[in-house]
Amino acid sequence: WEASSRGPKREGRRSPTKTAIKASPGDGQIWYRAGLLVLALAVYYPAFGFQELIMDDSVAIARNPLVNGMMESYWEYFRRDFWGLEMFTGTWTHKSFRPITTFTYRLNFLLHGAPSVGYHITNVLMHGATSAVVGVATYVLIGMSPEMSLVSALLFAAHPVHTENVLYLVGRADILATSFCLIAVLLYASAYCPNSRLQLRRWAQALGRTGLGSPLGEVLGWGSELKHNQKRPELPSRAQEFEALAGKSTHSYLPLFASMAMIFVGGLCKETAFTIFAVFFAVDFLALIVDLTSRPLNIVSGVRQWWDNLTPSLRRAYMHSCVRLVQVAVGTVLMYKWRVGYTSGTELNMSQQDNPVPFEINPWSRKLSYAFLHGMYFKQLTLPLTLNYDYSMNAIPILHSLTDVRLMLTLVAYLATASTIHLGLTMRLHASRSVILAAALILLPYFPASNILFPVGTVVGERLLYLPSVGYCMLLARFAAPSRDWRPSKRSEDTGEEPPFRFSKLHFLLLTLGAYLVRTHTRVWVWETAETLFITDGDAQPRSAKTQYNVCITHMMHSRYDEAVLACARCAKADPLSGLPYWRIGQIEILRGHYNVAAQYLRAASDKFGASVMVRDEEIFHDLAVALFQDGQRADAVHYLNVALKLNPYFAKGWNNLGCATLQSDVRTALMFIEKAVQSEPDSPHYWANMAAVAQYGGEHTTAVAAWQRAQLLAPELPPPQDCVWEFAPAT
C-alpha cells in the first residue's frame, strides 16, 4: 500500500499520500473477515464425517504407543520417533523426531478415543487457524490492505494442494510447523522492520476494538499512538527506515530470541521449520545488499569513503543488522547440531521404488530429472489441476535429453522465480523487503526437498508445499493489489475519492480463488476412504507402481479379482523388479483355487527384489507353501515353510501350517509345531482348536481336552475341530 509522491505537488491538488484511507480493519470488520474465512474452510466439511485411517495414519496413530497410551512415561516422547519406534536401541528407525505433533495426537486420543473423526476435525481447525495467521502475516509483513490480506488468507485456506496436509492426518506436522514459523517471522519482523511494527500496531488496535478481551494494542503499549490516527502515513524513505532501525527497538534482542524459540518449537513439529532461520538471514542480508547497491560506491577506494559518509544512526543500523545476522547464523548452527546430535542423524532407507532418480546411472539424466521435478512443484503450487498421493516409481519417467518438451515447465518455473527475485531487488527498501520475504518463504522451506544438496525419499510430495505456499499466497496478494505508483484521475482529484483498484488483477485473483475452492471441494471427497483414494488416484496415475499396487489390494479386498489382477499387472509393468504384484496375483489365484498358477507367480515373487519393503519375506514363502500343498506337492510345501520359519522363528501361521503339513507323516512332530504356534500367539482360538485336533489324533486325550477348553474360552461359538486346518489370510 505504498503511495508515491513523485515530483512537486501542484497547488490545489490532493496528494495521494494524504488521502484518508483506513490502514486497519474497522470495528466489526474482523468478524466479517473471519466469517468469510470460515466459509472458505467449509469446503472441508465432508471431512467431519471421515472414519478411516489411511496409509501412514495407522502407523503414526493407531499403532503408535505414544498415542494410544501404551507407554511408561512422557519421557518416551523424547525417546521415540514420529512412528513410535525407539531411537536409541540400535534398531532401525526413520528418526523423524516430532514430539509435539505426536503429543497432539495423544490429546485427540484422550479426548475422543480411537475413532478418526476427531483427528480430522482437529486438522481442519488447525488449518483454519494457520490460514488466519497467514492473513495477519500478509497484513503485517507484506504491508497489504486488510482486504488483500483477507484474500491471501482465503487463497491459503482454499488451496487444493493443502488437501493432503489436512486430510492425511500425518500432514498435521506441516500445519503445526507452519503456524509456529509464521509466528516467529511476525515476532522478528515486527521488532526490526518499522513498517511491520506499524502494521502490527494497527492490527492490534483493531483486534482490541472487536471486544476480544483486553485490547492487544493497549497491552503492548501501542494503542495510544494510533488512537486518533486512522490515516495512512507517508512511507519512510530508505534513509529514514534505516534511521528507525537504529532506534531503541534494535537494542533489545529479546524478540530475536523469542522468534528463535518459536522456530525450535516448530522444528519439534516437523524438521522443515528449521529452514526459517534462513528466512531471517535472507531478509536482513538482502535488505542490506539492496541499500548498498542503491548508493554510489567506488569499488577501488569507496568502501572507506562510503562508511565515512554515513550518519551515525545509519552506522548503528548496519551494525545492528550485522550482529543479528551473526546471531541468526550461530543459532542455526547450534540448533542443527543439536537436532542431528540428539537423534544421531536422520537416516533414510530409500529404495528405487520410492525415488528412482538417484538410482539413475547417467548423471546428466539425474540433473534433468531433478530440474523437471522443480517444474512439477511449481505447477502444483500455481496450477493444481491434477493431484495425487503418489508420484513414485515410473509415475514421472526419467528425462534423458534437453529436447524433452517437459523441460518447458522447468523453464517457466525458473523464469518466474528469477523475475520475482529481480523485482524484489529493484523495488524500494520497504517494498523490496516484503517481496524478498515472500519469495524466501517459498524457496527456502522448499530447498531441502529440491534434491539439490542431497536426494530425498520422495519424487514429489504435495504436503511439502504447505509452508512454501504461504509465500506464494502473499505474492499473489502483493502483485494483484493496486499499483503503488497510481496517479489519481481527475474525478478523484476533485472529490478526494480513493483511486479504483486494478480490477483486471483483482478479478483474476478472485477467479483463482473460486477455482481453488471448487477443486479443493472435489478433492476432499477423494480422501473419504482408502478405497476412494486408491481407485481415483490409481485411475489418474496408471504408470505408478505404488498406485496400481494399492488399486490391486483394494479390488482384492472386495473380491473383485479380475480388476485386481489387471492392476497388479500394470504394477509389474511399471516396476518389473518388484515381487509385490506377483505375490498378490499368487494370493488371488489361491483364492480362486488355481494352485498351479498361484505357485508360478509366487515362485517369481520369491526371486524378485523389493518384497521386504512392504511385507515380510516369510509371507511370500508361506503362501508359496500353501499353493504347493494344495497342488499336491507336500515335500516342497514343507521345504518353503521351513524357509519362512528360518526368516521369522516367531511366525505363528507358519508353525501352524507346518504342523498340518507333517500330520500324516509324524504326529508328535506335528503336535510340537502346533504348540510353537500357540506359544507365539496364545490368544488365537484357531491354533488351540488345531492343537486339540492333532492331540486327539495322536491319542493324547488329556492335552486335547485342555486345548479345546482353552479354545472355547477364547471363542465360545467355535465349532468342534474335525481336522488340522491350514491358515491362509492374505496380508493387507
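Numbers given for residues are sequential positions, taken from 1 along each chain in its written order. Per-residue local features are limited, in this predicted model, to residues with pLDDT of at least 70; the limit for side-chain atom pairs, both in listing and counting, is 80 or more; totals at the level of whole chains, interfaces and linings are taken over all residues. Derived side-chain values reflect all non-hydrogen atoms in the structure, with water molecules and hydrogen atoms excluded from consideration.

J.: What's the story with the overall build of the chain in this structure? I'm lost.
T.: A run of H or I in DSSP becomes a helix once it reaches four residues, and a run of E becomes a strand once it reaches two; helices and strands are each numbered from the N terminus. In terms of regular secondary structure, the chain is built from 34 helices and zero strands. Within the span of the chain, comprising 732 residues, buried residues form 52% of the whole. Any pair of residues with heavy atoms lying within 4.5 Å of one another is described as a contacting pair. Across the chain, contacts joining residues at least 24 apart in sequence account for 72% of those joining residues at least 6 apart. Accessible areas in this description were obtained via Shrake-Rupley with a 1.4 Å probe; residue shielding takes into account the shown protein chains only. Of the accessible surface of the chain, which amounts to about 33100 Å², a share of 62% is contributed by carbon and sulfur atoms. Each residue gets one of three labels from its accessible area relative to the maximum for its type: buried under 20%, exposed over 50%, partly exposed in between, using a 1.4 Å probe on protein chains only.

J.: Teacher, can you tell me more about helix α20 (residues 468-480) here?
T.: A turn of α-helix holds 3.6 residues, and therefore any two residues three or four places apart point the same way. By definition here, a helix of n residues has an expected span of 1.5 Å times n minus one. If you check α20, its first and last C-alpha atoms are 19 Å apart, about what 13 residues at 1.5 Å a residue would give, namely 18 Å. Along α20, the residues classified as buried are P468, S469, V470, G471, Y472, C473, M474, L475, L476, A477, R478 and A480.

J.: Got a minute to help me understand helix α13 (residues 254-267) in this structure?
T.: A rise of 1.5 Å per residue sets the reference length of α13, with its 14 residues, at 20 Å; its end C-alpha atoms lie 20 Å apart and thus fit the reference within 8%. Listed as buried for α13 are L256, S259, M260, I263, G266 and G267. For α13, the angular spread of buried residues about the axis comes to 115°, placing them on one side. Of all possible arcs, the one meant is that of the directions from the helix axis to the C-beta atoms.

J.: I would appreciate a short explanation of the packing of aromatic side chains in the present structure.
T.: Aromatic rings considered in pairs are described by the distance between their centres and by the relative angle of their planes. We call Phe, Tyr and Trp rings a pair once their centres come within 6.5 Å, taking the six-membered ring for Trp, and we label the pair stacked below 30 degrees between planes, edge-to-face above 60, and tilted otherwise. Using the criterion set out here, one finds 17 aromatic pairs in the structure. The interplanar angle of 35° and the centroid separation of 5.6 Å between the aromatic rings of W655 and F673 together place this pair among those described as tilted. Of the two residues, W655 sits in helix α31 (residues 652-661) while F673 sits in helix α32 (residues 667-680), which places them 18 residues apart along the sequence. One exposure class covers both W655 and F673, and it is buried. The structure contains a cluster of three or more aromatic residues connected by ring pairs, namely W75, F78, F97, F264 and W338. In this scheme, Lys NZ or Arg CZ marks a charge over a ring once it lies within 6 Å of the ring centre and within 35 degrees of the ring normal. Over the ring of F82 we find R98, and its NZ or CZ is 5.0 Å from the ring centre. Here the guanidinium or amino end of R406 rests over the ring plane of F372, the centre of that ring lying 5.2 Å away.

J.: Whenever I open this one, the state of the cysteines confuses me. Can you help?
T.: What we call a disulfide is simply a covalent bond connecting the sulfur atoms of a pair of cysteines. Note on disulfides: each one is a pair of cysteine sulfur atoms within 2.5 Å. Under the definition given, this model contains two disulfides. Here C552 is linked by a disulfide to C568, with a sulfur-sulfur distance of 2.0 Å. As the torsion about the S-S bond is roughly -80°, the C552-C568 disulfide counts as left-handed. Taken together, the residues span a long stretch of sequence, with C552 in helix α24 (residues 545-557) and C568 in helix α25 (residues 561-574) at a distance of 16 residues. C552 gets classed as buried once you look at its relative accessible area, which sits at 0%. Between the sulfur atoms of C660 and its disulfide mate C724 the distance is 1.9 Å. Judged by the sign of its S-S torsion, about -75°, the cystine formed by C660 and C724 is left-handed. One end of the pair, C660, is in helix α31; the other, C724, is in the segment after α34 (701-714), with 64 residues separating them in the sequence. Comparing C660 with C724, the two get one shared label, buried.

J.: Which parts of the structure should I look at to understand the nonpolar core?
T.: Buried Ala, Val, Leu, Ile, Met, Phe, Trp, Tyr and Cys residues that are joined via side-chain atoms within 4.5 Å together make up what is termed a nonpolar core. L141 and I276 are the most contacted members of the largest nonpolar core, which has 111 residues in total. If one sorts the elements of this core by residue count, helix α8 (residues 172-192) sits on top with 12 residues. Every residue in contact with I276, bar those within four places of it in the chain, is listed here: C181, V185, I263, L441, P445 and L467. Of all hydrophobic cores here, the second largest spans 54 residues; its members include A644, W655, A677 and A711.

J.: Could you clarify how one ought to interpret the packing of helix α5 (residues 117-142) against α20 in this entry?
T.: A packed helix pair is summarised by two numbers, namely the angle formed by the two axes and the spacing between the axes. Two elements in contact, α5 and α20, have axes whose closest approach is 10 Å; the angle formed by their N-to-C orientations is 55°. When the interaxial angle is binned, α5 and α20 end up oblique. Crossing of α5 against α20: the hand is right-handed. Where α5 abuts α20, its residues V134, A137, T138, L141 and I142 lie against V470, M474, A477 and R478. Residues were grouped as follows: Ala, Val, Leu, Ile, Met, Phe, Trp, Tyr, Cys and Pro as nonpolar; Asp, Glu, Lys and Arg as charged; and all remaining residues, including Gly, as polar. Taken together, the residues of the contact of α5 with α20 sort by class into seven nonpolar, one polar and one charged. Lines fitted to C-alpha atoms define the axes here, with helix axes fitted over just the stretch in contact, and angles between the N-to-C directions of these axes take values from 0 to 180 degrees. Between 65 and 115 degrees an angle is taken as roughly perpendicular, under 35 as roughly parallel, over 145 as roughly antiparallel, and anywhere else as oblique. Each crossing gets its hand from how the near helix is turned against the far one by less than a right angle, where anticlockwise is left-handed and clockwise is right-handed.

J.: Can you walk me through the layout of surface pockets in this structure?
T.: Take a probe with the size of a water molecule and roll it over the atoms, and the empty space left behind shows itself. Both cavities and pockets are sets of points on a 1 Å grid over the protein atoms alone; in a cavity a 1.4 Å probe fits but cannot get out, in a pocket the set is open with protein on both sides within 12 Å along at least five of seven lines, and lining residues sit with an atom within 4 Å of a point. Grid points are joined across faces, edges and corners, and a volume is the space filled by probe spheres set on the points. If you add up the space inside the second largest pocket, you get close to 950 Å³. Considering the residues around the second largest pocket, the lining is formed by 38 residues, among which F378, L381, T382, A416 and Y472 are closest to the centre. For the lining of the second largest pocket, the elements supplying multiple residues, two or more each, are α17 (363-382), α18 (407-426), α19 (429-446), α20 and α22 (503-526). Looking at the lining of the second largest pocket, its residues break down into 30 nonpolar, six polar and two charged.

J.: Help me understand the environment of V151, please; the structure alone is not making it clear to me.
T.: Among the structural elements, V151 can be located in helix α6 (residues 146-158). On a C-alpha basis, the gap between V151 and T138 in space is 9.5 Å, while along the polypeptide they are 13 residues apart.

J.: For this particular structure, what's the right way to read the pattern of salt bridges?
T.: A side chain with one charge can pair with a side chain of the opposite charge if their charged atoms come near. Every case where a carboxyl oxygen of Asp or Glu lies within 4 Å of a side-chain nitrogen of Lys or Arg is listed as a salt bridge. Applying the stated criterion to the full structure yields 15 salt bridges. Residue D537 pairs with R523 through a salt bridge whose shortest N-O separation is 2.8 Å. Of this pair, D537 sits in helix α23 (residues 530-540) while R523 is found in helix α22, placing the two residues 14 residues apart along the sequence. A relative accessible area of 1% places D537 in the buried class.

J.: It is not clear to me how the side chain of S96 should be interpreted in this structure. Could you clarify?
T.: Position of S96 among the secondary structure elements: in the loop between α3 (65-68) and α4 (99-112). Classification of S96 as buried rests on a relative accessible area of 3%.

J.: Which parts of the structure should I look at to understand the packing of α6 against α20?
T.: Running from amino to carboxyl end, α6 crosses α20 at an angle of 145°, the nearest separation of the two axes being 9 Å. For the element pair α6 and α20, the recorded crossing hand is right-handed. Note on element contacts: α20 touches α6 through S469, V470, C473, M474, L476, A477 and A480, opposite M148, S152, L155 and F156. Residues of the contact of α6 with α20, tallied by class, amount to nine nonpolar, two polar and no charged.

J.: Is there a simple way to explain a nonpolar patch on the surface in this structure?
T.: What goes into a patch is any residue over 30% in relative accessible area without a salt bridge, connected to like charges within 9 Å or, for nonpolar side chains (Val, Leu, Ile, Met, Phe, Trp, Tyr), within 5 Å. Side chains of Y74, F103, L107 and L110 sit close together on the surface and give an oily, nonpolar patch of about 400 Å² of accessible area. Following the sequence through the fold, L107 ends up in helix α4.

J.: Would you mind showing me how to read unusual backbone geometry here?
T.: Among all residues save glycine, negative phi is the norm, and among peptide bonds the norm is trans. One non-glycine residue, M55, adopts positive backbone phi at about 50°. With respect to the secondary-structure elements, M55 resides in the loop between α1 (29-41) and α2 (56-62). On the accessibility criterion, M55 (27% relative accessible area) is partly exposed.

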